Amino acid sequence: MNLTLKIWRQKDAQSAGAMQSYSVADISEDMSFLEMLDTLNEQLNEQGEEPIAFDHDCREGICGSCDLMIDGQAHGPEVTTTCQLHMRSFEDGQTITIEPWRANAFPVVKDLIVDRSAFDRIIQAGGYVSVNTGSAPEANSVPAPRDKAMRAFNVATCIGCGACVAACPNGSASLFLGAKITHLGELPQGQPERMGRVASMVAQHDHEGFGGCTNIGECTGACPKEIPLDVISQLNKDLRDSLRAGF
Amino acid sequence: MASTADVSGLTELNGPPEQRSDDAHGYYTPAAQKLVDAKAPTGLIKDRWTTRKMDNRLVNPANRRKLDVIIVGTGLAGGAAAATLGEAGYNVKSFCYQDSPRRAHSIAAQGGINAAKNYKEDGDSTYRLFYDTVKGGDYRSRESNVYRLAEVSANIIDQCVAQGVPFARDYAGLLDNRSFGGVQVSRTFYARGQTGQQLLIGAYQAMERQVAEGTVTQFTRHEMLEVIVVDGTARGIIARDLVTGEIETHLADVVVLASGGYGNVFYLSTNAMGSNVTASWRAHRKGAYMANPCYTQIHPTCIPVSGDHQSKLTLMSESLRNDGRIWVPKNKEDCTKDPRDIPEEDRDYYLERIYPSFGNLVPRDIASRQAKNMCDEGRGVGPMVGDFRRGVYLDFADAIARLGEDAVREKYDNLFDMYERITGENPYQVPMRIYPAVHYVMGGLWVDYDLQSNIPGLFVTGEANFSDHGANRLGASALMQGLADGYFVLPNTIRDYLADGPFEQISESHPAVVEARTSVEERISKFLSIGGSRSADSFHKELGNIMWEYCGMERSEEGLRKAIDMIRELKAEFWSDLKVLGTADSLNQSLEKAGRVIDFIELGELMCIDALNRRESCGGHFRAESQTEDGEALRHDEEFAYVAAWEWGGDGGQPVLHKEDLIYTAIEMKQRSYK
């Protein structure tokens, strides 16, 4: 198939960016979206134009590196990661718009690459269990109820890609935050620090410039791992409890 | 366990190997003396690690914060090591090329992690895990290292559970586990098909906790490009900030490489696109030995290549072989037909035919090689890529008829969905197509029992070292090694080295530091100034084709010689015809790629020389010249039970081959048979 691509080009964080048009020909429907961009980049290199920078790594839907807004949708028209999106989801002759994640807390680094290190700092604020290596009790000495362990697993599937933030009109990271709060909050190992954790992680979230949640739900719709919206209710409940407890 | 001669580990069960063939003559220089792991412990095998931990010296807590540790890589081995050494109070600097440590490629491991917990009371033990691992590695790993791995395995699970890793549980809330990879006991702990992700996030969170504490400083989007070696000792690294392009000098008292494997030398593999050999290869060029580089694990159940555009291969869980039947058409002319129109009598269920007792569940190396044989005979299926059809059917029609579609869906739903997303075909209706792909490497930098390379102060952990897997790796043992090294082994061995500190201060103007930095800067300007016509990617693809064709699942003396010539030509062409646009002082992915590709090219040449020298079939490495009468892999223990550790011979020079004998004291070597 032949396609017209409108792609955001931005030299670096300081420069202004702009959309530019490119055409690619002979795209196979078996290609992944990123392989289609590889093809364009090989073409640009031949023409003496600097290839387009974009983040990607495992290309099997798990590392969370890939982060493109495709026709205004995080990761494009399917519920998946950009690397697992294939060209058969598009039509011959189509024009496709490709932009970086859009959020104040995710500044553009270059072209389609944004800086998501705010997520690391939210985890640093308390997204862990404070256990030192070598001091752990025997694993089966603390049973975890199966239903709670299942829920913890279901939300621990978050890959930290940031699609929830990019999709949210408020640029909120509440789904990401709620997933971690719920993951650790459902397990017995996460209880001792539960109240302090939610308070400090929420404070860091706000400090980073992510917006507030108004329950629009775009986040869960864009999440390639289908993290459910109820983690945000859990987040709010835990936050209320922690405030009552004086955190 | 009939082959156990002596569980004590006090008697040598084999003599030193004596190599008779010399296929690589003219390509290498033999070392004058045998390489000895001077730290290899002796005595009762079960006591060796305990004794070593006691014998290794301690570092006073007040002195630890004065000691700087650099760790390159943030996967299971690097992330776990950074967290643990940070907790201990050392001053840790952690580097990764990704935008966050959480994206290291350990995240993609699916199946599970082994541990000798014996929760199912089915006869598992440290000794049995040790035995299975040594046997599975085709007796080319180190006995003491593997025993230690099995010994600490149970602690890994405790540690991860305490961190909140959501492993599968039974209805009583206790940990569940399953059997995996042909092992007869249940010892594999798992978190659905995302065990690697959950374990990595546990290590990452532990590491971020230390970042908050201030003991670990993380440098993301940084790539290590050189080791600084001062008076024979590793004292730091030169790294490039991938965003600004700035070349940075980072000095330390000790350097740990936890930078993963180099399967991307084949271009198409299941590795992440960014996984590379640069950290290891730069260390190799600085004098660190590269051991058994030709040992590659090929995984039999990947989604086949669909065309020349393909950038990577995706693994399908091996568990599919429990219910799927593997076949190809008996007649070449049927290969283009719809498989549903090929009648039963025209199908060749070749694994069931050749290996009636194991059938579709033969080990990875055998399943892979037979798939290749079928395609080489012209009976492959799927799209024509080049002049080949590279695929065999994995058919669930019988399982669906027997169990019903719902039951099959329940077991394999996410895998079937993933397959359909990638191929556009519905595997409930049309048989899946699979083909082997490069998955993991067992070779890596040579280390002693303490995980220290032959360069003092340079330690190597996880997939980046060579020591634990031998010539083959069993399912669920890679995650175990990464975390064992990072959480438990390295922290206990590195302190003996650090006990000699504080070390002499080095300044950035030291000639060795200046030399390392200058060489990096010159290399980068060279890449940008060649001004040729080909992208780094095109060289990488060409290298991958050569490696897969001649140094992949089946290798021959003739093919390997040809490959070495082709790689040398490719290398010359790289230096004269490379085209990298953009600048050095900005984010430049083509420039990053160029540096990695030339390192892969040099490594590829060494892999071929290593494979050429080793005239035996072992693990995933099948030498055409070494097979049994019925075409099975044939090892030659009396000639090759050694570690091949290669020393860099200089640009234009020949590598030097050091041999470390593998002497077993607790397990007797036996040929594998699956017929």
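All figures in this text were calculated on a predicted structure; none of them were measured in a lab. (Residues numbered from 1 in each chain as written. Chains lettered and ligands numbered in written order. Predicted model: local features only at pLDDT ≥ 70, side-chain atom pairs only at ≥ 80, totals over all residues. Heavy atoms only, no water.)

### Focus: the domain arrangement of chain B
Residue and element names in this part refer to chain B.
Point 1. Domain assignment breaks chain B into domain 1 (29-295 + 442-499), domain 2 (298-438) and domain 3 (511-656).
Point 2. Computed from C-alpha coordinates alone, the two centres of domain 2 and domain 3 are separated by 31 Å.
Point 3. Counting residues at the interface gives 15 residues for domain 2 and ten residues for domain 3.
Point 4. Carbon and sulfur atoms supply 55% of the area buried between domain 2 and domain 3, which totals about 1000 Å² over both sides.
Point 5. Considering only the side of domain 2, the residues that lose the most area to domain 3 are Ile 298, Arg 369 and Lys 372, jointly responsible for 50% of the buried surface there.
Point 6. At the boundary of domain 2 with domain 3, the tally comes to one salt bridge. (Domains from an automatic or database assignment. Contact = heavy atoms within 4.5 Å. Buried area = accessible area lost by both parts, 1.4 Å probe. Salt bridge = Lys/Arg side-chain N within 4 Å of Asp/Glu carboxyl O.)

### Some remarks on the nonpolar core
Point 1. Ranked by size, the top nonpolar core spans 243 residues in total, and within it B:Ile113, B:Phe130, B:Phe167 and B:Leu257 carry the most contacts.
Point 2. Excluding anything up to four places from it in sequence, B:Ile113 contacts B:Ile156, B:Ile157, B:Phe167, B:Arg187, B:Thr188, B:Phe189, B:Thr195, B:Leu199, B:Ala476, B:Leu479, B:Met480 and B:Leu483.
Point 3. By size, the runner-up hydrophobic cluster in this structure holds 25 residues, among which are A:Tyr22, A:Leu34, A:Leu37 and A:Leu85. (Core = buried A, V, L, I, M, F, W, Y, C linked by side-chain atoms within 4.5 Å. Buried < 20%, exposed > 50% of the residue type's maximum accessible area, 1.4 Å probe, protein only.)

### Some remarks on the packing of helix H14 (residues 536-551) of chain B against helix H15 (residues 557-577) of chain B
Residue and element names in this part refer to chain B.
Point 1. Between H14 and H15, whose axes approach to 10 Å, the crossing angle comes to 175°. Between H14 and H15, the interaxial angle falls into the category roughly antiparallel. Touching Phe 539, Glu 542, Leu 543, Ile 546, Met 547, Tyr 550 and Cys 551 of H14 are Gly 559, Leu 560, Lys 562, Ala 563, Met 566, Ile 567, Leu 570, Glu 573, Phe 574 and Asp 577, all from H15. (Axes fitted to C-alpha atoms, helices over the stretch in contact; angles between N-to-C directions. Helix = DSSP H or I, 4+ residues; strand = E, 2+ residues; numbered from the N terminus. Parallel < 35°, antiparallel > 145°, perpendicular 65-115°, else oblique.)

### A few points about the pattern of salt bridges
Point 1. The full count for this structure, using the stated rule, is 79 salt bridges over all chains.
Point 2. Note that A:Asp230 and A:Arg151 form a salt bridge whose closest N and O atoms lie 3.5 Å from each other. Of this pair, A:Asp230 sits in helix H8 (residues 230-244) while A:Arg151 sits in helix H3 (residues 146-156), and the two are 79 residues apart along the sequence.
Point 3. Ionic pairing is found between B:Arg433 and B:Glu425, a salt bridge with its closest N-O pair at 3.6 Å.
Point 4. With relative accessibility at 11%, the residue B:Arg433 sits in the buried group.
Point 5. According to the relative accessible area criterion, B:Glu425 is partly exposed, its value standing at 25%.
Point 6. Connected through shared salt-bridge partners, A:Asp55, A:Asp67, A:Arg116, B:Asp99, B:Arg103 and B:Arg221 make up one network.

### Focus on the confidence of the model for chain B
Point 1. Looking at chain B, pLDDT values average 94 and 99% of them are 70 or higher.
Point 2. For this predicted complex, the interface score ipTM comes out at 0.98, alongside a pTM of 0.97. (pLDDT = per-residue confidence, 0-100.)

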